[in-house]
Amino acid sequence: MVVGPKGCGKTSLVNAINDYDGPLRRTQDTIYGPKTIDVPSAYIENAWMYKHMIALAQDAWCILALVDQSRCAEVYSHGFARAFRCPVIGIISKCDLAPENEATCIKQLKMIGAEEPYFRISCPNHIGIEELKRYLLEFERKVRGLS
């Protein structure tokens, strides 16, 4: 499951994980992909909608929580990751923009309780995407007890 604020690169990451190379599909609906659940940004930006994310997470084996290095707005509540029964992995999106904000992004991921390692990605520049995909494949095997 992939969550994050509006404009953080969530849909671009979902498309990369699903090996989809078509046009971006922007919608306010939850989109179930072959390997992902793309959660609308409104669910993060409105704390009263967290209950919908918690329900959606029942179908997920992990959650990718994105923070946008180009903007660094704090959108997650303190301890956000504790609301879920599956691991929450921290992703710093747009890592090629505003490098001076990296420490702030890491601080946010720690504050919400996202698991390390944190991944730095830039979808348009293909930075960190393959590393993240390899990690997720191996991590899924471990989480699900597959060999």
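All values reported here derive from a predicted model rather than from experimental measurement.

Engineer: Break down the overall build of the chain for me, citing the residues and quoting the values.
Structural biologist: A tally of helices and strands in the chain yields five helices and six strands. Reading the secondary structure of the chain in the N-to-C direction produces β-α-β-β-α-α-β-β-α-β-α. For the chain, whose C-alpha radius of gyration is 14 Å, the value lies close to the compact-globule estimate of 15 Å for 147 residues. The dimensions of the chain, computed from C-alpha atoms along their principal axes, are 40 × 35 × 30 Å. For the chain, buried positions account for 46% of its 147 residues. Sequence separation of at least 24 residues holds for 71% of the intrachain contacts in the chain that already meet a minimum separation of 6. For the chain, the exposed area adds up to about 7,800 Å²; of that, 52% sits on carbon and sulfur atoms. Separation between the mean location of the 18 positive side-chain charges and that of the 17 negative ones in the chain comes to 4 Å.

Engineer: Before we move on, could you go through the packing of aromatic side chains and cite the residues and values that matter?
Structural biologist: Inspection of the entire model under this criterion finds six aromatic pairs. Residues Tyr50 and Phe80 carry aromatic rings whose centres are separated by 5.3 Å and whose planes lie at 80° to one another, so their mutual orientation is edge-to-face. With a gap of 30 residues between them, Tyr50 in helix H3 (residues 50-56) and Phe80 in the loop between strand E4 (63-68) and strand E5 (88-93) connect regions that are remote in the sequence. What makes Tyr50 buried here is its relative accessible area of 13%.

Engineer: An account of the packing of helix H1 (residues 10-17) against helix H5 (residues 129-144) is needed here, citing residue identities and associated values.
Structural biologist: Packing of H1 against H5 leaves a shortest axis separation of 10 Å and a crossing angle of 65°. Two packed elements cross with a definite hand, and for H1 against H5 that hand is right-handed. Residues Leu13, Ala16 and Ile17 of H1 form the contact with H5, whose own contacting residues are Ile129, Leu132, Lys133 and Leu136. A per-class count over the contact of H1 with H5 returns six nonpolar, no polar and one charged.

Engineer: An account of the pairing of E5 is requested, with residue identities and associated values reported.
Structural biologist: With six of six residues buried, E5 lies mostly within the body of the structure. Burial along E5 is two-sided: Val88, Gly90 and Ile92 and Ile89, Ile91 and Ser93, pointing in opposite directions, are all buried. Of the pairings in the sheet, the one linking E4 to E5 comprises six bridges and is parallel in character. The partner of Leu66 across the bridge, within E5, is Ile91. Across three bridges, the pairing between E5 and strand E6 (residues 115-120) is parallel. Each residue of the ladder has a partner; that of Ile89, found in E6, is Glu115. Crossover connection from E5 via helix H4 (residues 102-112) to parallel E6: handedness right-handed.

Engineer: Before we move on, can you summarise H4 with the specific residues and values?
Structural biologist: Three or more residues of H4 are buried, namely Cys105, Gln108, Leu109 and Ile112. Axial view of H4: buried residues confined to an arc of 95°, hence all on one face. Seen from the buried face of H4, the exposed residues on the opposite side, beyond 90 degrees, are Ala103 and Lys107.

Engineer: Which residues make up the nonpolar core, and what are the values?
Structural biologist: Judged by nonpolar contacts, the single largest core of 29 residues is most densely connected at Met1, Val3, Met53 and Phe80. Leave out the neighbours within four places in its chain, and Met53 touches Met1, Val3, Val39, Tyr43, Ile44, Phe80 and Phe84.

About the cut-offs
- Residues numbered from 1 in each chain as written.
- Predicted model: local features only at pLDDT ≥ 70, side-chain atom pairs only at ≥ 80, totals over all residues.
- Heavy atoms only, no water.
- Helix = DSSP H or I, 4+ residues; strand = E, 2+ residues; numbered from the N terminus.
- Rg over C-alpha atoms; globule rule 2.2 N^0.38 Å.
- Buried < 20%, exposed > 50% of the residue type's maximum accessible area, 1.4 Å probe, protein only.
- Contact = heavy atoms within 4.5 Å.
- Areas by Shrake-Rupley, 256 points an atom, 1.4 Å probe, with all protein chains shown as cover.
- Lys, Arg positive; Asp, Glu negative; His and termini not counted.
- Charge placed at Lys NZ, Arg CZ, Asp CG, Glu CD.
- Phe/Tyr/Trp six-rings, centres within 6.5 Å; stacked < 30°, edge-to-face > 60°.
- Axes fitted to C-alpha atoms, helices over the stretch in contact; angles between N-to-C directions.
- Left-handed = near helix turned anticlockwise from the far one by under 90°.
- Nonpolar A, V, L, I, M, F, W, Y, C, P; charged D, E, K, R; others polar.
- Pairing = 2+ DSSP bridges.
- Right-handed = clockwise from strand over helix to strand, strands pointing away.
- Arc of directions from axis to C-beta.
- Core = buried A, V, L, I, M, F, W, Y, C linked by side-chain atoms within 4.5 Å.

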